[in-house]
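# Structural overview
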Amino acid sequence: MNTWFTEIVRDANERLFSPAELDRIMAYYSSMPARLKAAEEIEVIDADFNRNLLVEMRKKFPNRELYSKRVILDLLDGLRVLAQALLMDEPQFLRDRWIFHLIRVIEESGIDPDHVRDVYVEMGNVLNHRLSASSRELMGPLLQELIESTSLVPSY
Amino acid sequence: MPAPNEPQVRFKGNLFARPDYFTTDVMLGATRTPSGSRVCALTSDFLLGFRDAVIYECGDAYRSVMKNCGRRWGKEFARRFDKEMAGFYQSAVKDLAAGVVHACLADAFAAHGWGTLSIDLSECEVGVLQATISNSVMPALVMESDRPSDHLMCGLLASLFTHFSGTELDAVQTECASCGASASRFLVGSPTRIAALAEWLETQEKSPSHEVALNRLLGNSPRKTEHHHHNGVPTTTH
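All of the points below concern the structure found in this document. Every value quoted in this text rests on a predicted model; they were computed, and no experiment measured them.

What counts and how
Residues numbered from 1 in each chain as written. Chains lettered and ligands numbered in written order. Predicted model: local features only at pLDDT ≥ 70, side-chain atom pairs only at ≥ 80, totals over all residues. Heavy atoms only, no water. Patch = residues over 30% accessible without salt bridge, like charges linked within 9 Å, V, L, I, M, F, W, Y side chains within 5 Å. Areas by Shrake-Rupley, 256 points an atom, 1.4 Å probe, with all protein chains shown as cover. Salt bridge = Lys/Arg side-chain N within 4 Å of Asp/Glu carboxyl O. Helix = DSSP H or I, 4+ residues; strand = E, 2+ residues; numbered from the N terminus. Pairing = 2+ DSSP bridges. Core = buried A, V, L, I, M, F, W, Y, C linked by side-chain atoms within 4.5 Å. Buried < 20%, exposed > 50% of the residue type's maximum accessible area, 1.4 Å probe, protein only. Contact = heavy atoms within 4.5 Å. 1 Å grid on protein atoms, 1.4 Å probe; cavity = no way out; pocket = protein on both sides within 12 Å on 5 of 7 lines; lining within 4 Å. Points joined across faces, edges and corners; volume = space filled by probe spheres on them. Polar contact = N/O pair within 3.5 Å; in protein donor to acceptor, adjacent residues only side chain to side chain.

All names here are of chain A. Together, Phe5, Val9, Phe17, Leu22, Met26 and Tyr29 make up an exposed nonpolar region whose accessible area comes to about 580 Å². Counting residues per element, the ones that place at least two in the nonpolar patch are helix 1 (4-12) and helix 2 (19-60). Element by element, the count of residues in the nonpolar patch is highest for helix 2, at three residues. Looking at the secondary structure, you find Tyr29 in helix 2.

Structure follows, in structure tokens:
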């Protein structure tokens, strides 16, 4: 996929940027320090994220088999994709790289989507607890989209 | 905790949507995937020219020649898919849950521009698998035909599912966009049953619908057989 920035540069094709394009670029430019800070904060969480999440999920739902070490470790990849989407300010990247695939795996594997939703909700709780207010604000819409995507699959 | 031998459900996202999945070295003029496999894009002109050349050289046999080309292609693709999945998941494909493998296959099809693949396992119990490819390449190029034209994909699917099931399987195309259908549809099963169905399809004046072909195949299906599922792929032992 092309990011919004690539699209603007390609469309402009050596002409001057339009006011709307300039506004978009400047808005992104001014949000860059906050985005970098959020990415740094996520990197710190990254270190002990999976161990804490695994303990928490097994404590809350001891009978659910889905929460294996591997699955929880995979969530770390999801967190990194979230951080990349946040850095690029490109929600479509999150959809293409993560959400569409997630929905398909849930559907085709016959997993209860609520079980997947719960683990992402817990991931959100960890992030809300550990990120600063500005980072939470940036991460919020992406995380919400990720959590809500699981409700696109019918429950069993 | 899942049992150690239970198929693994994994959530690692779409490997093929990684921004660096296809990397082109402009100095070397080579495009490679993360596993180092070299890939090249074939233009519509090439594919149509290739098909015309095979028709010219082989006459009526061109369908089976194209299907065999697809088989060869599928065999190589399955090998690459296995290697890349093993690298990505740190697990062999056979250890992954069928849903994960199907999702990854569909991702791979989409990323390579071969269309959107969906797999229907509802008749898996009787050793029949159904596959649908929307926006498939060949029908879009051939545009109009009185018979299905997706022979390359038919061979590729036969090879792919043979690889995943570990038993010889064949495929037949039942519907095709070049015949006015909305997508290419295929039936995959044991070579004898598929050959019998293909022969019957050949004798029909007007191409029957996918459902008619499926019913014909199921009508001939030996339901009281022992079935094994490997990555959600039917392997029937008689």
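What follows deals with the sheet that holds strand 3 (residues 38-39) of chain B. Through backbone hydrogen bonds, the strands of a sheet pair up, either in parallel or in antiparallel fashion. Residue and element names in this part refer to chain B. Taken in spatial order, the three strands line up as 1-2-3 in an open sheet, and their pairing is antiparallel. Looking along the sheet, the strands with just one partner apiece sit at the ends: strand 1 (23-25) and strand 3. Where strand 2 (residues 30-32) meets strand 3, two bridges bridge the pair, whose relative direction is antiparallel. Paired with Thr31 across the two strands is Val39, which belongs to strand 3.

This part is about the nonpolar core. Grouped together as the largest cluster of nonpolar side chains are 79 residues, with contacts concentrated most on Tyr120 and Met123 of chain A together with Phe81 and Phe109 of chain B. When residues of this core are assigned to their parent elements, the largest contribution, 10 residues, is made by helix 3 (residues 69-88) of chain A. When sequence neighbours within four positions are dropped, the list of residues in contact with Phe109 of chain B reads Trp114, Gly115, Leu117, Ile133, Met153, Leu156, Leu157 and Leu160 of chain B. Judged by nonpolar contacts, the second largest core, of 12 residues, contains Val128, Leu187, Ile194 and Ala213 of chain B.

Attention shifts here to the layout of surface pockets. Residue and element names in this part refer to chain B. The volume enclosed by the largest pocket comes to roughly 780 Å³. Considering the residues around the largest pocket, the lining is formed by 22 residues, among which Cys40, Leu42, Leu47, Trp73 and Trp114 are closest to the centre. For the lining of the largest pocket, the secondary-structure elements that each account for two or more residues are strand 3, helix 1 (44-58), helix 2 (62-89), helix 4 (137-142) and helix 5 (151-165). The element contributing the most residues to the lining of the largest pocket is helix 2, with five residues.

In this section: the interface of chain A and chain B. Taken residue by residue, the interface counts 21 residues in chain A and 27 residues in chain B. The interface formed by chain A and chain B contains two salt bridges. Asp77 of chain A serves as the salt-bridge partner of Lys12 of chain B, at 2.5 Å between the closest nitrogen and oxygen. The tally of links from chain A across to chain B stands at eight residue pairs in polar contact (both at pLDDT 80 or more).

This model, assessed by the stated rule, comprises 21 salt bridges over all chains. One salt bridge connects Arg72 of chain B with Glu76 of chain B, and the closest N-O pair in it is separated by 3.9 Å. With Arg72 of chain B and Glu76 of chain B both in helix 2 and four residues apart, this pair spans about one turn of that helix. Among the ionic pairs, Lys94 of chain B bridges to Asp95 of chain B, the shortest N-O distance being 3.6 Å. What makes Lys94 of chain B exposed here is its relative accessible area of 54%. Sharing partners across several salt bridges, the network here consists of Arg24, Arg35 and Asp89 of chain A.

Fair warning: the whole summary comes from geometry, so function is off the table for now.
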